[in-house]
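Overview (structure and organization)
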Amino acid sequence: MLSHTLDRDVLVLTLHDDADTGGPGTLYPRISGLVEACRPSAVVIVLDARTALHATIGVILRVQRLCRRLGILLSVAAASAPVRRLLEANAEAHHVHLVIHARADTAVTTAYTSVA
């Protein structure tokens, strides 16, 4: 499940389960549609403990490429240290710079400050 809010021109997307549960290929079009419709200054993707599977990480890497193309900062917040390590390893393997935080509130504040 995907929920979203707009906080000080930062689009905050919260993933409540893995990308595979919504059916193959449904998460990226939903996220990219929100990013392109809102055109925020920054995007923060918040992962809960159940959103660590490789399909979700693949979607995040695709969203990063979209945001980079649009000139939008992307950050990811994941409370779980193993999830953050998995994100870092996959981003590094794909030569993608990804800003990763442990807390969602820190990610949103940092994103807002970075683009203000």
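One can find the structure itself at the top, above this paragraph.
Note that the structure is predicted; figures quoted are calculated from it, not measured.

Counting buried positions over the six residues of strand β2 (residues 10–15) gives six, a clear majority of the element. Burial along β2 is two-sided: Val10, Val12 and Thr14 and Leu11, Leu13 and Leu15, pointing in opposite directions, are all buried. Of the strand pairs in this sheet, strand β1 (residues 2–7) and β2 are connected by six bridges, and their pairing is antiparallel. By the bridge assignment, Thr5 is partnered in β2 with Val12. Adjacent in sequence and paired antiparallel, β1 and β2 are bridged by two residues, among which Arg8 carries a positive phi angle near 50°. Here β2 runs beside strand β3 (residues 42–47); their pairing, made up of six bridges, is parallel. Bridge pairing in β3 links Val10 to Ala42.

The next subject is the packing of aromatic side chains. Applying the stated criterion across every chain, the model contains zero aromatic pairs. The residue whose ring lies beneath Arg8 is Tyr112, and the NZ or CZ to ring-centre distance is 4.8 Å.

What follows deals with the pattern of salt bridges. Summed over the entire model, instances satisfying the criterion amount to three salt bridges. Among the ionic pairs, Glu36 bridges to Arg69, the shortest N-O distance being 3.8 Å. Here the residue Glu36 occupies a position in helix α1 (residues 27–38), and Arg69 occupies one in helix α2 (residues 54–70), the gap between them amounting to 33 residues. On the basis of relative accessibility, which here comes to 37%, the residue Glu36 falls in the partly exposed class. With a shortest N-O distance of 2.4 Å, Asp105 and Arg103 are connected by a salt bridge. A relative accessible area of 42% places Asp105 in the partly exposed class.

Each value, and the rule that gives it
- Residues numbered from 1 in each chain as written.
- Predicted model: local features only at pLDDT ≥ 70, side-chain atom pairs only at ≥ 80, totals over all residues.
- Heavy atoms only, no water.
- Buried < 20%, exposed > 50% of the residue type's maximum accessible area, 1.4 Å probe, protein only.
- Helix = DSSP H or I, 4+ residues; strand = E, 2+ residues; numbered from the N terminus.
- Pairing = 2+ DSSP bridges.
- Phe/Tyr/Trp six-rings, centres within 6.5 Å; stacked < 30°, edge-to-face > 60°.
- Lys NZ or Arg CZ within 6 Å of the ring centre and 35° of its normal.
- Salt bridge = Lys/Arg side-chain N within 4 Å of Asp/Glu carboxyl O.

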